[in-house]
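Listed below, chain by chain, are the residues.
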Amino acid sequence: MDLTYTEEEQDFRARLRQWLGKVLPELPAKPSPDDWPGRRAYDLGWQRRLYEAGYAGLHWPVDAGGRGATPTQHLIFLEETERAGAPYVGANFVGLLHAGPTIAAEGTAEQRACWLPPVLRGDEVWCQGFSEPDAGSDLASLRTRAVRDGDDYVITGSKIWTSHAEVADWCELLVRTDPTAPKHRGISWLAMPMDAPGVTVRPLRTLAGSTEFAEVFLDEVRVPVANRVGAENDGWRVTMVTLSFERGTAFVGEVVACRRTLGELARTAKANGRWDDPVLRRRLGRLYGEFGALWRLTQWNVSEAQRAGGVPGIGGSVFKLAYSHARQELYEVAAEVQGPLALSLEEEWTLDRLSSLSYTIAAGTSQIQQNIVAERILGLPKGR
């Protein structure tokens, strides 16, 4: 992995900085956290600006509508947008970071032409229908059934922790198409329109008071067989592609954001007198080194994904495991620096701290990641 920048890459950074400096002051005010239609419009408006400027799907393959940028250009884009305080992908993170890359890697030409351009243009939002009340970490135990009826699947079941389901147009959905097969084999990956008859969305309220995810109930929902990505009953393999993106590259921009937060914490500690505490300074210094190492691991993972045809490998589990715990410690330190303000839900850092508690669960629990590292990287025997 070459960590130096070429003249072309430095020029790319300069042009991106110039564009961000021009466009960010023109953005409208952010909507209220509870205004989900407003947040959808804001996030998709930002995506439209990226699309019109040629930055949408920067690292996606050209034949999938992307720019085919190098891994280094992709990382430069993430660095510069985070440092400039540009909006995150927000409500469209499933489409841009999970479903879209999966369809680009596994979908047919017709599927790619149908679903990818609206994601890149900022026209449509996707959500993820993987977890179920009795199939979270043990995802392969899912029970949502899809019965073939001519050119459709008829789907019955429920999903939980479905992020942004109330504002989504499409859902990447896992269903059981062969209940007699071993649990990892009888699964298929479908694209389900969220406005299909029989789909009911019930928002769930988080610890921080947000309703960013929901329960989704499916009552004989008809989804065309043509919406299946991959072969019937091959959905587990396709799901591993989705999860490799979710764990391998979906969090990379957040590493930059965490490094920026560390700098803000140091300035706050100096301003409120807490910088004199040597234990606090050591914790901040160690976290600075840890996030620096995570950024280097990110560079390695993205480079490996490029060499593997664009799909991240199992090294993403190493990153996800380390990042989840580092982020939680970061916001524990933030609470220490803030003092009594850490108890106020009006403080952004407090909300970030509450959100950080979910990171050792979301996208595969830390225990699942430890098993993957142990079995698939270290070659240890499976646990009993």
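Residues numbered from 1 in each chain as written. Predicted model: local features only at pLDDT ≥ 70, side-chain atom pairs only at ≥ 80, totals over all residues. Heavy atoms only, no water.

*Asks:* Would you explain the overall build of the chain in this entry?
*Replies:* When you go through the chain residue by residue, the secondary structure sums to 11 helices and eight strands. When the 384 residues of the chain are sorted by exposure, 51% land in the buried category. (Helix = DSSP H or I, 4+ residues; strand = E, 2+ residues; numbered from the N terminus. Buried < 20%, exposed > 50% of the residue type's maximum accessible area, 1.4 Å probe, protein only.)

*Asks:* When you look at the packing of helix α1 (residues 7-23) against helix α3 (residues 71-83) in this model, what are you seeing that I'm missing?
*Replies:* Helix packing geometry: the angle between the two helix axes and the distance between the axes. Contact pair α1 / α3: the axes reach a minimum separation of 10 Å and the direction vectors enclose 30°. When the axis of α1 is compared with that of α3, the two are roughly parallel. Crossing angle aside, the handedness with which α1 passes α3 is right-handed. Facing Glu8, Glu9, Phe12, Arg13, Leu16, Arg17 and Leu20 of α1, the residues of α3 in contact are Thr72, Gln73, Ile76, Phe77, Glu79, Glu80, Thr81 and Arg83. (Axes fitted to C-alpha atoms, helices over the stretch in contact; angles between N-to-C directions. Parallel < 35°, antiparallel > 145°, perpendicular 65-115°, else oblique. Left-handed = near helix turned anticlockwise from the far one by under 90°. Contact = heavy atoms within 4.5 Å.)

*Asks:* Looking at this model, I keep getting lost on the pairing of strand β1 (residues 126-129). Mind explaining?
*Replies:* The two faces of the sheet receive side chains in turn, since in a regular strand these alternate between them. Along β1, one buried face is formed by Trp126 and Gln128 and the opposite face, lined by Cys127 and Gly129, is buried too. Sheet analysis places β1 next to strand β4 (residues 170-176), joined by four bridges and oriented parallel. Counted as the bridge partner of Gly129 is Leu173 from β4. (Pairing = 2+ DSSP bridges.)

*Asks:* Is there a simple way to explain the pattern of salt bridges in this structure?
*Replies:* Pairs may arise between side chains of opposite charge once their charged atoms sit close together. Applying the stated rule across the entire model yields 24 salt bridges. The shortest N-O distance in the salt bridge between Arg40 and Asp169 comes to 3.0 Å. Of the two residues, Arg40 is situated in helix α2 (residues 36-53) and Asp169 in the loop between β3 (152-163) and β4; the sequence distance between them amounts to 129 residues. Linking Arg260 and Glu82 is a salt bridge whose minimum nitrogen-to-oxygen distance equals 3.4 Å. Of this pair, Arg260 sits in helix α7 (residues 252-272) while Glu82 sits in helix α3, and the two are 178 residues apart along the sequence. Looking at Glu82, the relative accessible area reads 12%, which means it is buried. (Salt bridge = Lys/Arg side-chain N within 4 Å of Asp/Glu carboxyl O.)

*Asks:* What's the story with the side chain of Ser188 in this structure? I'm lost.
*Replies:* Checked against the element boundaries, Ser188 lands in strand β5 (residues 187-193). For Ser188, a relative accessible area of 0% gives the class buried. A polar contact is formed between the side chain of Ser188 and the side chain of Thr177, at a distance of 2.8 Å. What Ser188 contacts, discounting residues up to four positions off in sequence, is Leu173, Leu174, Val175, Thr177, Arg228, Ala231, Glu232, Asn233 and Gly235. (Polar contact = N/O pair within 3.5 Å; in protein donor to acceptor, adjacent residues only side chain to side chain.)

*Asks:* Looking at this model, I keep getting lost on the nonpolar core. Mind explaining?
*Replies:* Most often, soluble globular proteins keep nonpolar side chains buried together rather than apart. Core analysis: the largest hydrophobic core is formed by 67 residues, its most contacted members being Trp19, Trp46, Tyr55, Phe77, Trp126, Trp189 and Phe291. Ranked by residue count, the leading element in this core is helix α9 (residues 315-338), at eight residues. What Trp46 contacts, discounting residues up to four positions off in sequence, is Trp19, Leu20, Val23, Leu24, Leu27, Ala86, Pro87 and Tyr88. Counting 22 residues, the second-largest nonpolar core is a separate cluster that includes Cys127, Ala146, Cys171 and Val221. (Core = buried A, V, L, I, M, F, W, Y, C linked by side-chain atoms within 4.5 Å.)

*Asks:* Can you help me understand α2 in this one?
*Replies:* Two residues of an α-helix separated by three or four positions point the same way, owing to the 3.6 residues in each turn. In a regular helix each residue adds 1.5 Å, so 18 residues correspond to 26 Å; α2 covers 26 Å between its end C-alpha atoms and thus fits that length. Backbone nitrogen of Gly38 and a side-chain oxygen of the N-cap are separated by 2.9 Å at the start of α2; the cap is Asp35. Remark: Gly54 follows α2 within two positions and exhibits a positive phi of approximately 85°. (Expected span 1.5 Å × (residues − 1).)

*Asks:* Sorry, what's going on with the packing of α2 against helix α5 (residues 109-121) here?
*Replies:* Their axes nearest at 7 Å, the elements α2 and α5 cross at an angle of 100°. By the angle between their directions, the pair α2 and α5 is classed as roughly perpendicular. Contact residues: Gln47, Arg48 and Tyr51 in α2; Val119, Leu120 and Arg121 in α5. Taken together, the residues of the contact of α2 with α5 break down into three nonpolar, one polar and two charged. (Nonpolar A, V, L, I, M, F, W, Y, C, P; charged D, E, K, R; others polar.)

*Asks:* Looking at this structure, how should I read the packing of aromatic side chains?
*Replies:* Given two aromatic rings, their pairing is described by the distance between the two centres and the angle made by the two planes. Throughout the structure, instances matching the rule amount to nine aromatic pairs. Both rings, one in Trp115 and one in Trp170, keep their centres 5.7 Å apart while their planes meet at 70°; by these two values the pair is edge-to-face. Placement of Trp115 in helix α5 and of Trp170 in strand β4 is noted, with a sequence separation of 55 residues between them. No difference in accessibility class separates Trp115 from Trp170, as the two residues are buried. (Phe/Tyr/Trp six-rings, centres within 6.5 Å; stacked < 30°, edge-to-face > 60°.)

*Asks:* Explain the side chain of Glu172 here, please?
*Replies:* Locating Glu172 in the fold gives a position in strand β4. Lys159 provides the closest opposite charge to the buried, unpaired Glu172, separated from it by 11 Å. Among the polar contacts listed, one links the side chain of Glu172 to the side chain of Gln128, at a separation of 2.8 Å. Not counting residues up to four positions away in its chain, the partners in contact with Glu172 are Val94, His98, Ala99, Trp126, Cys127, Gln128, Gly129, Phe130, Trp189, Leu190 and Thr242. (Lys, Arg positive; Asp, Glu negative; His and termini not counted.)

*Asks:* Just checking my understanding: could you explain unusual backbone geometry for this structure?
*Replies:* A negative phi angle is the norm for most residues apart from glycine, just as the trans form is the norm for most peptide bonds. Backbone geometry at His164 places phi at a positive 60°, although glycine is not the residue there. With respect to the helices and strands, the residue His164 is situated in the loop between β3 and β4. A positive phi angle is found at Glu220, which is not glycine, with a value near 55°. Its place among the elements puts Glu220 in strand β7 (residues 213-224). The exposure class of Glu220 is exposed, given its relative accessible area of 55%.

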